[in-house]
Amino acid sequence: MQSPRFPRRSALAAFAIGVTLTGSLLAWAIPVHAETEAEREREREEERERPMPLPAAGTVLPTHKVRAIESSVINVAAIAKRDAMAKPFAIGAFTPIAILQGEETTEAEVDEPITGTPVENYTFPQAGTPAFVPSPTPSLSFIGLDDIPRVGTGSITIPPDVDGAIGPNHIMETLNNNYRFFNKTTGAVTNTISITSFWTAAGGTGHFDPKTLYDPIQNRWIAVAVSNAATTQSSILVAVSQTDDPTGTWNTFRILGDSTGVNWADFPCVGYNKNWIGINVNMFSVAANASAGAKMLLIDYAQARTGTFVATMVTGTGFCTAPAATYSSTENTLWAPTHLSSGGGTYRLDTITGTPTAPVYTVGATRSRGLTWAQPSGAILPQAAPLSGASICGATPCKLETQDAQIRTTPIFRNNSVYYSQTVGVPAGTLTHTAVQWTRVATATGNVTDGGRIEDATATATNGGKWYAYSHMAVNAAGDVVMSIGQFSSTQFPSAAYVFRAATDAAGTFRDPVVIKAGEDYYHKDFGSGRNRWGDYVKAQVDPSDDQALWVLGEYSKARVGTDDGTTGSNSSKWGTWWARISAAVT
């Protein structure tokens, strides 16, 4: 089972604790060794803070063939039947698991000339101005997976990593604790299995960072995760369903993140087109948890559907380069945007071309987003005080982590455009709040053609203004868009919300937010890691049955079951998830 994780610099912190507990006499006896270790730590810190160099536009990245070290066929219905025989809640002692995250890299320095001309007609809705148009209210809304132990165990996980997908007849939600299946018409739960049960046949231990997509072109489900964090056996796991029924049979594969065992793979970003399933992972050294670049696994999609694994690894991709989910049966290019710099407001749009067995990865030009922002990081998202008890942070309740400005959810390719969203800190000079920023890029030119922000411009950490973070976009056949977002404020509890825009709405705008599930209580849970993790992502998707209705999945804070706050291993605070279906036909 995966060990509880530490805050940033976790591997080094763990090493230091180990030396303190097991080698204290040696350390006291040989002070020169302690000084040498301090010098080494400074060198590691300098290496972590050194920006990764950018490859020049037009660079074709190196590739090599990879094989799966495990392949299997699983049947979810059979797994669910087996898991149902186990007690649905805790067996044995309570076991807290804080999911490890690799060191965040410093944003790239832009040395290349910036090409392209972004649009200039952005409209940023401001707090206090008249509402544009209300977003449509949900036609269906129901609770998703919540903060329960992994089926048959006492393992509680943070963060949940909120993800799932919609198929023709089913909903599949995949979190760090369990995978749950719902009736799409009613929202009724049909099956629940643990993340471990789903991936056991594929191999690996400590499975985490699940992401799931439904491909309406090939009528297949694609699920990914990673395992064995910070070890030489770090792996990327991929599953492809054999039909459009996620409770049926899947082909699963496990691939070593690094066959040399030097680095480990973190945070998969997944997309697809008719040729490939693309999975980008951030790499970190096993020894020091220092950034070691990124790579993308490109799997021959047609062969994976038959249970045969043929794949190519591309080295030198960007941190959180995000391949798009391609809503086209003819598009040969797999598009992959990368956020580059908050201070420079830059991005690039990479391309994967070639054949399924011989892909060609070409780096895109550095382009301007048309505006700049501050890089958000750390625990900065505000929340209201506990309903009962007190926050260990004092009069101002403990804040939640916000991640960064990277593209952490799957972009969408549709209408010859790539759509993506990210969290940004604003204003650019000195961050006073966060906003969700969205972007539409024309694939023909690589330039921004539309975009904007969901923002309360007057918000601060203490005035009750709204902070927005954690987002994902979905686009239907008509060009309507929905975006799942998290909403935070010093006078409310963390809530799940969405915004909508019709294809005919003015450029740069979204309609007013709709809260699908208001937070119920204060949230603080770190399991001794020192990090009040939230997210790390949310989900939005168009309904494959009609290509019109839109779905969102968000995270909210549930009512607490106690008043303790900050005690290592405490489980009073609870997270929950919520689904909503939005009918796009509005007047």
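Here the structure is a predicted model, which means the values were calculated and not measured.

## Quick notes on the overall build of the chain
At step 1: The helix and strand tally for the chain stands at 6 helices and 35 strands.
At step 2: Residues classed as buried in the chain amount to 60% of the 587 residues present.
At step 3: Across the chain, contacts joining residues at least 24 apart in sequence account for 66% of those joining residues at least 6 apart.
At step 4: For the chain, the exposed area adds up to about 20300 Å²; of that, 56% sits on carbon and sulfur atoms.

## Concerning the state of the cysteines
At step 1: The full count for this structure, using the stated rule, is 1 disulfide.
At step 2: Residue C393 pairs covalently with C398 via a disulfide, S to S 1.9 Å. Torsion about the S-S bond of the C393 and C398 cystine: about 95°, corresponding to right-handed handedness.
At step 3: Take C393: its relative accessible area is 44%, and that puts it in the partly exposed class.

## Focus on the pattern of salt bridges
At step 1: Using the criterion set out here, one finds 16 salt bridges in the structure.
At step 2: Of the charged contacts, one joins R531 and E401 as a salt bridge, the two residues approaching to 2.8 Å between their closest N and O atoms. Taken together, the positions of R531 in the loop between strand 32 (514-517) and strand 33 (539-542) and E401 in strand 24 (residues 400-401) put the pair 130 residues apart, joining distant regions of the chain.
At step 3: The buried category is assigned to E401, whose relative accessible area is 8%.
At step 4: R560 serves as the salt-bridge partner of D521, at 3.9 Å between the closest nitrogen and oxygen. Linking D521 in the loop between strand 32 and strand 33 with R560 in the loop between strand 34 (550-558) and strand 35 (574-582), this pair joins segments that are 39 residues apart in sequence. For the pair D521 and R560, one class covers both residues: buried.

## Here's the deal with the sheet that holds strand 6 (residues 164-166)
At step 1: The strand order across the open sheet formed by 4 strands is 6-7-8-9, and the pairing between neighbours is antiparallel. Looking at the sheet topology across the chains shown, the edges are occupied by strand 6 and strand 9 (189-194). Neighbour to neighbour, the strand axes of the sheet diverge by 15° on average, direction disregarded.
At step 2: As judged from the 5 bridges shared by strand 7 (residues 170-174) and strand 8 (residues 178-183), these two strands associate in the antiparallel manner. When the bridges of strand 8 are listed, M172 appears paired with F181.
At step 3: Where helix 4 (residues 76-84) meets the sheet, its contacts fall on strand 8 and strand 9, and the angle it forms with strand 9 comes to roughly 80°.

## A word on the packing of aromatic side chains
At step 1: Tallied over the entire structure, the rule returns 15 aromatic pairs.
At step 2: An angle of 80° between the planes, with centres 5.7 Å apart, marks the rings of F267 and Y537 as edge-to-face. In this pair, F267 sits in strand 14 (residues 263-272) while Y537 sits in the loop between strand 32 and strand 33, placing the two residues 270 residues apart along the sequence.
At step 3: Classification of Y537 as buried rests on a relative accessible area of 1%.
At step 4: The interplanar angle of 75° and the centroid separation of 5.0 Å between the aromatic rings of Y523 and W534 together place this pair among those described as edge-to-face. Note that Y523 is positioned in the loop between strand 32 and strand 33 and W534 in the loop between strand 32 and strand 33, a separation of 11 residues in sequence.
At step 5: Judged by relative accessible area, which is 3%, W534 ranks as buried.
At step 6: Taken together, the aromatic side chains of Y179, F198, W199 and W250 make up a single cluster linked through ring pairs.
At step 7: Sitting over the face of the ring of W578, K517 holds its NZ or CZ atom 4.9 Å from the ring centroid.

Cut-offs used in this document
Residues numbered from 1 in each chain as written. Predicted model: local features only at pLDDT ≥ 70, side-chain atom pairs only at ≥ 80, totals over all residues. Heavy atoms only, no water. Helix = DSSP H or I, 4+ residues; strand = E, 2+ residues; numbered from the N terminus. Buried < 20%, exposed > 50% of the residue type's maximum accessible area, 1.4 Å probe, protein only. Contact = heavy atoms within 4.5 Å. Areas by Shrake-Rupley, 256 points an atom, 1.4 Å probe, with all protein chains shown as cover. Disulfide = S-S within 2.5 Å. Salt bridge = Lys/Arg side-chain N within 4 Å of Asp/Glu carboxyl O. Pairing = 2+ DSSP bridges. Axes fitted to C-alpha atoms, helices over the stretch in contact; angles between N-to-C directions. Phe/Tyr/Trp six-rings, centres within 6.5 Å; stacked < 30°, edge-to-face > 60°. Lys NZ or Arg CZ within 6 Å of the ring centre and 35° of its normal.

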